[in-house]
Structures are given as C-alpha cells and as structure tokens.
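# Topology and contacts: notes
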Amino acid sequence: MLVVGDVVTDVVARHHGPLAAGTDTVAAIRTVPGGAGANVACWAVHGGCDDVRLLGRVGRDAAAWHERELIASGVRPLLVTDPTTPTGTVICLVDSGASAERTFLTDSGASLRLAPDDWSPALLDGVARLHLSGYLFFSEPSRALVSVVLESTRARGVPVSLDPASAGFLAGLGVDRFLELCAGVDVLLPSRDEACLLTGLPDPADAAAKLSRHFPLVVAKLGGDGALVARSGSVRSRVPALRATPHDTTGAGDAFTGAFLAALLAGTGPEEAATAGCAAGAQAVEGIGGRPPTRPPRRG
C-alpha cells in the first residue's frame, strides 16, 4: 500500500478542565511524530500490512527524526525534504477529562507543499492500493498533486481510498469543490462531522447512504458509536465500537483507517474490516499521540 499525505510534528498538551485565559494552565506536554497520512501508514503496518510506503514532504528541521520514526514503525518512508519550509506542526490540546476530546492548532508547513514534481508513476510499482490524506486537498500544490496521482492510479487500475481529514478545512474549501476533486475515489472514510458536512444532512446514517451514491464504498467513522458501512445508496452494516478508557483521541480516526485498509488488502470484507478499524481506534484512544505503541512482529 502507498499512502500519500501529511507528516507533521504533534505537540500534545493534556490539560484538566477549561483553559485559564490570560494565565497558566497545568498540562502534561509531549512532542510526538504525527500527521494523518503518516499515522494511517503506521496503523496499516500495525494491522498486518507488510509493505506500506509513505510519500510526504517535511522540512530540514525534522526530516531525519521523522524518517527514523517511520522506519521504526515498519513504514518505508519516501520523504521529500523541503529546502525552505519547516515541517508542519500541530498543537493538540487534549482535555484530560472523561472524553479526552482534542482541539487542533495547525501549521501545515512543508506537508502542503507536496506537489506534482514529487510524484512519479513508478511509485505505483507493486502497489495494490493507494490512500490519500484529505489534507492534500487544502492547498493548491497538493491539490494539483492529487489530480496527477488519480490520473496515474486510473491508468494502472489501482484502487484509491480517501479520508477527508478535517471538517473545518472542508468547509473552507467548499463541498462541491471537494467532491469534484475526489472523483474516481472508490472508498471514502469520513468522520461523522465530515459526512454530515459533505451532504448537508444531520443524521450520519443518512449522510453515509447519500455519499455511497457517489462513492462505491463509504465507511463513516462515528467514534464511540462505532462505524457505518454504506454501499449503493444504503447503510449495509452498523459496526459497534469497542469499550475503551480514552486518554487522547488524537489519531483515533487514522488508526481506524489504517487498520481498515490493512484488513481490506488482506481480503477481508468491508464489515469485518470496519470491525478491525474499531478495535484499532479503541487502542489508539488509550495511548498518547496518533501512532500505534509498538511495531508488531512481521508475519512469517
């Protein structure tokens, strides 16, 4: 599998209760590797996919560190080093209460400077599935890259999945523009908010069903409510979430996506793959940051 997407540095600040404006708020702060695309790639390896490659763009400031972290997770990094722009950074503010809900402050940095010149059709050699991070749709250079990548995958017959990534950025880009850009994608993996935004429907089941008239397979991620699998205009399955004690919900959707795609590549049906995704999401929220805790041993 080839993942094309963002690689960023996450600064995770876990605080208890509301932020105290104008003064100090006690927090536990960690700096960890992140980025939706990179997280998906790591969770796909964790889910059993033995060959996962990641195309992304980083700055000189953190290129070596990110490459080491990806290799340690079993991902083959195909990182482009930007000569002028630093690696993207996300401040993750996590309420350490029962919900462990997070708020992001995002400086995408070099990640959104990934461009058509960084692509070659040869990157698809040996690739059975390509996954796009939705963050690529939120800058002109990376939107141009998406167009080139989709042309290459169509020519090779490689299926493409897409995680829309951010309801906030989607609203800024515009729903019609987004749907136009992702024509040809065969699996869409939106969150609850993204599915509702893309359709204008308040109910995620209705939204998933409507989206599945435009995409062959839609898997809507609902957090603690599990996931919905929709095809041909109707919801075919509701997959329950696993019980978990959340510490940080950062990357839970990425964990679902990576595990889901790994299961799909292994020949599992969409409903069973969604079950694997829910299990990974539950594991993710019990840790800190968006990556799996350790790399599992490779299957012999």
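Before reading on, note that the structure itself is shown above.
## Looking at the packing of aromatic side chains
Scanning the entire structure with this criterion turns up five aromatic pairs. With a centroid separation of 6.1 Å and 85° between ring planes, the pair formed by Tyr135 and Phe138 is classed as edge-to-face. Owing to a relative accessible area of 16%, Phe138 belongs among the buried residues under this scheme. Among the aromatic residues, ring-to-ring pairing joins Tyr135, Phe138 and Phe169 into one connected group.

## Some details on the pattern of salt bridges
Summed over the entire model, instances satisfying the criterion amount to 12 salt bridges. The salt bridge involving Asp125 is made with Arg156; its shortest N-O contact spans 2.9 Å. Of the two residues, Asp125 sits in the loop between strand E7 (102-107) and strand E8 (130-133) while Arg156 sits in helix H3 (residues 140-156), which places them 31 residues apart along the sequence. Shared partners join several salt bridges into a network, and the residues in it are Arg57, Asp82, Arg113 and Asp118.

## Here we look at the sheet that holds E7
In spatial order, the strands read E3-E2-E6-E7; together these four strands make up an open sheet with mixed pairing. Looking at strand neighbours, the two that pair on one side only are strand E3 (27-34) and E7, the edges of this open sheet. Strand-to-strand, the axes of this sheet are offset by a mean angle of 20°, without reference to chain direction. Pairing between strand E6 (residues 88-95) and E7: six bridges, direction antiparallel. Within E7, the residue paired with Cys92 across the bridge is Phe104. Here helix H2 (residues 63-72) sits on the sheet in contact with strand E2 (8-15) and E3, set at roughly 80° to E3.

## Structural notes on the sheet that holds E8
The strand order across the open sheet built from nine strands is E5-E4-E1-E8-E9-E10-E11-E12-E13, with neighbouring strands paired in mixed fashion. Of all the strands in the sheet, the pair left with one neighbour each is strand E5 (76-82) and strand E13 (234-239). Inspection of the sheet shows strand E12 (residues 227-231) paired to E13 by five bridges, in the antiparallel sense. By the bridge assignment for E13, Ala230 is matched with Val235.

## Side note on the nonpolar core
Core analysis: the largest hydrophobic core is formed by 44 residues, its most contacted members being Leu2, Val4, Trp119, Leu130, Leu132 and Phe137. Val40, Ala41, Val239 and Ala273 belong to the second-largest nonpolar core, a separate cluster that totals 33 residues.

## Some points on helix H6 (residues 192-199)
Turning to H6, its buried residues number three or more, namely Glu194, Ala195, Cys196, Leu198 and Thr199. Those residues of H6 hidden inside the fold are in contact with strand E9 (160-163), helix H4 (167-173), helix H5 (175-181), strand E10 (187-188) and helix H7 (204-211). A positive backbone phi angle near 75° is found at Gly200, which sits one or two residues after H6.

## Some words on the packing of H6 against H7
Contact pair H6 / H7: the axes reach a minimum separation of 9 Å and the direction vectors enclose 60°. Taken together, the axis directions place H6 and H7 in an arrangement best described as oblique. The interaxial crossing formed by H6 with H7 has left-handed handedness. Between H6 and H7, the contacting residues are Arg192, Ala195, Cys196, Leu198 and Thr199 on the first element and Pro204, Ala207, Lys210 and Leu211 on the second. By residue class, the composition of the contact of H6 with H7 is six nonpolar, one polar and two charged.

What counts, and at which threshold
- Residues numbered from 1 in each chain as written.
- Predicted model: local features only at pLDDT ≥ 70, side-chain atom pairs only at ≥ 80, totals over all residues.
- Heavy atoms only, no water.
- Phe/Tyr/Trp six-rings, centres within 6.5 Å; stacked < 30°, edge-to-face > 60°.
- Buried < 20%, exposed > 50% of the residue type's maximum accessible area, 1.4 Å probe, protein only.
- Salt bridge = Lys/Arg side-chain N within 4 Å of Asp/Glu carboxyl O.
- Helix = DSSP H or I, 4+ residues; strand = E, 2+ residues; numbered from the N terminus.
- Pairing = 2+ DSSP bridges.
- Axes fitted to C-alpha atoms, helices over the stretch in contact; angles between N-to-C directions.
- Contact = heavy atoms within 4.5 Å.
- Core = buried A, V, L, I, M, F, W, Y, C linked by side-chain atoms within 4.5 Å.
- Parallel < 35°, antiparallel > 145°, perpendicular 65-115°, else oblique.
- Left-handed = near helix turned anticlockwise from the far one by under 90°.
- Nonpolar A, V, L, I, M, F, W, Y, C, P; charged D, E, K, R; others polar.

By themselves, these are just geometric observations and shouldn't be taken as functional.
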